[in-house]
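# Observations on the model geometry
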Amino acid sequence: MTKIFLDTASASEIREFLSWGIGDGVTTNQKIFLSEGNVDFKQRVLEICNMKKEWPVSVETTTHTYEELVEEAREYSSWHKNVVVKVAMMKDGTGLKVVKKLHDEGIKTNMTVMVTFNQLYLAAKAGATYVSLFFNRARDAGLDPVKTIHEIMPFLEKETESELIVGSIRKPEDVEEVASAGAHIITITPKVIQQMPFHQKTEDTIKEFDDAWNQFVTTNKAPPLTQAGRNT
Ligand code: E4P
């Protein structure tokens, strides 16, 4: 079954979704941290890492040269064993070189901001632990990310150890498309997760059943249920 990662750095939202039984990992990026406002970056990363025993928490690099990226990645990875370092796919191959180097050092990576089959293919070859496809950004570019998931999954499963994360999820319908296409992992924002339990028909049915129960209780001589749900 497709795993669900939480695409957020909000500690309270992560705790809430863990209480729903949802959350196999966490992904963050620069925009996600910006939306958290004035938080201590390292403290928040550590807080999230410690919420579950063994779960991957992706933290994105922010520098641009090979040397800086390797140094930044080593630093984040030294913070906690659950940290996975996100490295962007760069057009000159620098990101791939960084992923290859980190793989050789035993540091887990998530190669990110990818929209094409070829980018995912190269990232897996370089030894990325996770390869991230940006679903709606691919669509924004006129590409077909569902086709890409179908094409890349057999290759990843047979020939590499990389897992596919699909991000850039903007509505509940995207989740259905990605999970039914068979991606290993989908990373979803709290805004989308919060919409997933809702359907108007379900709400209407609950109301219909509540009304029926109220009518039953007022017309039937049988004793009502107590608060605890047992017959008195
Ligand atoms: C990465 O995993 C993301 O989902 C990222 O936030 C991009 O999402 P967006 O395309 O909706 O901005």
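Residue numbers run consecutively from 1 along every chain, following the written order of its sequence. Note on the predicted model: pLDDT of at least 70 is required for a residue's local features to be given, and 80 or more for side-chain atom pairs to be given and counted; whole-chain, interface and lining totals, by contrast, use all residues. With hydrogens and water set aside, each side-chain value is computed from the structure's full complement of heavy atoms.

### Notes on the overall build of the protein
Within the protein, the regular secondary structure consists of eleven helices and eight strands. For a compact globule of 232 residues, the expected C-alpha radius of gyration is about 17 Å, and the protein comes in at 22 Å, more than 25% above that figure. In terms of overall dimensions, the protein has a C-alpha envelope of 80 × 40 × 30 Å along the principal axes. For each residue, the accessible area found with a 1.4 Å probe, counting protein chains only, is set against the maximum for its type, and the residue is called buried under 20%, exposed over 50%, and partly exposed in between. For the protein, the residues scored as buried account for 44% of the 232 residues in total. Contacts were defined at the residue level, with two residues in contact if any of their heavy atoms lie within 4.5 Å. Long-range pairs, those at least 24 residues apart, make up 59% of the contacts in the protein with a sequence separation of at least 6. Only the protein chains shown count as cover for residues, and the accessible areas themselves come from Shrake-Rupley with a 1.4 Å probe. For the protein, the accessible surface area stands at approximately 13100 Å², while carbon and sulfur atoms represent 52% of it. Side chains of the protein give 27 positive and 33 negative charges; the mean places of these two sets differ by 2 Å. Runs of E in the DSSP output that reach at least two residues are strands. Runs of H or I that reach at least four are helices, and both are numbered from the N terminus. Throughout, radius of gyration means the C-alpha value; the globule benchmark is 2.2 Å times the number of residues raised to the power 0.38. Just so you know, the count uses Lys and Arg for positive and Asp and Glu for negative, and it drops His and the chain ends. Think of each charge as sitting on NZ of Lys, CZ of Arg, CG of Asp or CD of Glu.

### A closer look at a nonpolar patch on the surface
Note that patches include only residues with greater than 30% relative accessible area and no salt bridge, and the join distances are 9 Å for like charges and 5 Å for nonpolar side chains (Val, Leu, Ile, Met, Phe, Trp, Tyr). Just to be clear on terms, a salt bridge is a Lys or Arg side-chain nitrogen sitting within 4 Å of an Asp or Glu carboxyl oxygen. A surface patch of nonpolar side chains, about 270 Å² in accessible area, is lined by Trp 213, Phe 216 and Val 217. The topology assignment puts Trp 213 in helix α11 (residues 200–219). You can call Trp 213 partly exposed: its relative accessible area is 42%.

### Quick look at helix α1 (residues 11–19)
Those residues of α1 that fall on the buried side of the exposure criterion are Ala 11, Ile 14 and Phe 17. Projected down its long axis, α1 shows its buried positions confined to an angular sector of 130°, all on one face. For α1, the exposed residues lying more than 90 degrees away from the buried face are Ser 12 and Ser 19. Those residues of α1 that are buried lie in contact with β1 (3–7), β2 (25–27), α3 (41–49) and α10 (190–195). One or two steps after α1, the chain reaches Gly 21, where phi turns positive at roughly 85°. Note that the arc is defined by the directions from the helix axis to the C-beta atoms.

### Observations concerning helix α6 (residues 117–126)
Burial in α6 covers these residues: Leu 120, Ala 123, Ala 124 and Ala 126. Projection of α6 onto a plane perpendicular to its axis shows the buried side chains occupying an angular sector of 160°, all on one side. Exposed residues pointing more than 90 degrees away from the buried face of α6 are listed as Asn 118 and Lys 125. Elements in contact with the buried residues of α6: α5 (94–104), β5 (109–114), β6 (130–134), α8 (145–159) and β7 (163–167). Immediately downstream of α6, the backbone of Gly 127 shows phi near 100°, a positive value.

### Notes on the site of the ligand
We call a residue near a molecule or strand as soon as one heavy atom of that residue lies within 4 Å of the molecule or strand. Every residue lining the ligand is accounted for by Asp 7, Asn 29, Lys 31, Phe 134, Arg 137, Gly 167, Ser 168, Arg 170 and Thr 187. A 3.5 Å cut-off defines polar contacts: any pair of N or O atoms within that distance qualifies, except that in protein one atom must be a possible hydrogen donor and the other a possible acceptor, and neighbouring residues in sequence count only when both atoms are side-chain atoms. Here an oxygen atom of the ligand and a side-chain polar atom of Arg 137 are 2.6 Å apart. Contact between the ligand and Ser 168: an oxygen atom at 2.6 Å from a main-chain N or O atom of the residue. Protein contact buries 83% of the 340 Å² of open area that the ligand shows by itself. At a threshold of 2 Å from the grid points, most atoms of the ligand map onto the largest pocket. Along the lines of polarity and charge, the residues of the shell around the ligand split into one nonpolar, four polar and four charged. Lining residues are defined by having an atom within 4 Å of a point belonging to a cavity or pocket. Those points lie on a 1 Å grid over the protein atoms alone, cavities being sets where a 1.4 Å probe fits but cannot get out and pockets being open sets with protein on both sides within 12 Å along at least five of seven lines. Whether a molecule lies in a cavity or pocket depends on its atoms, and more than half of them have to be within 2 Å of the grid points. By the convention adopted, Pro, Cys, Tyr, Trp, Phe, Met, Ile, Leu, Val and Ala count as nonpolar, Lys, Arg, Asp and Glu as charged, and the other residues, Gly among them, as polar.

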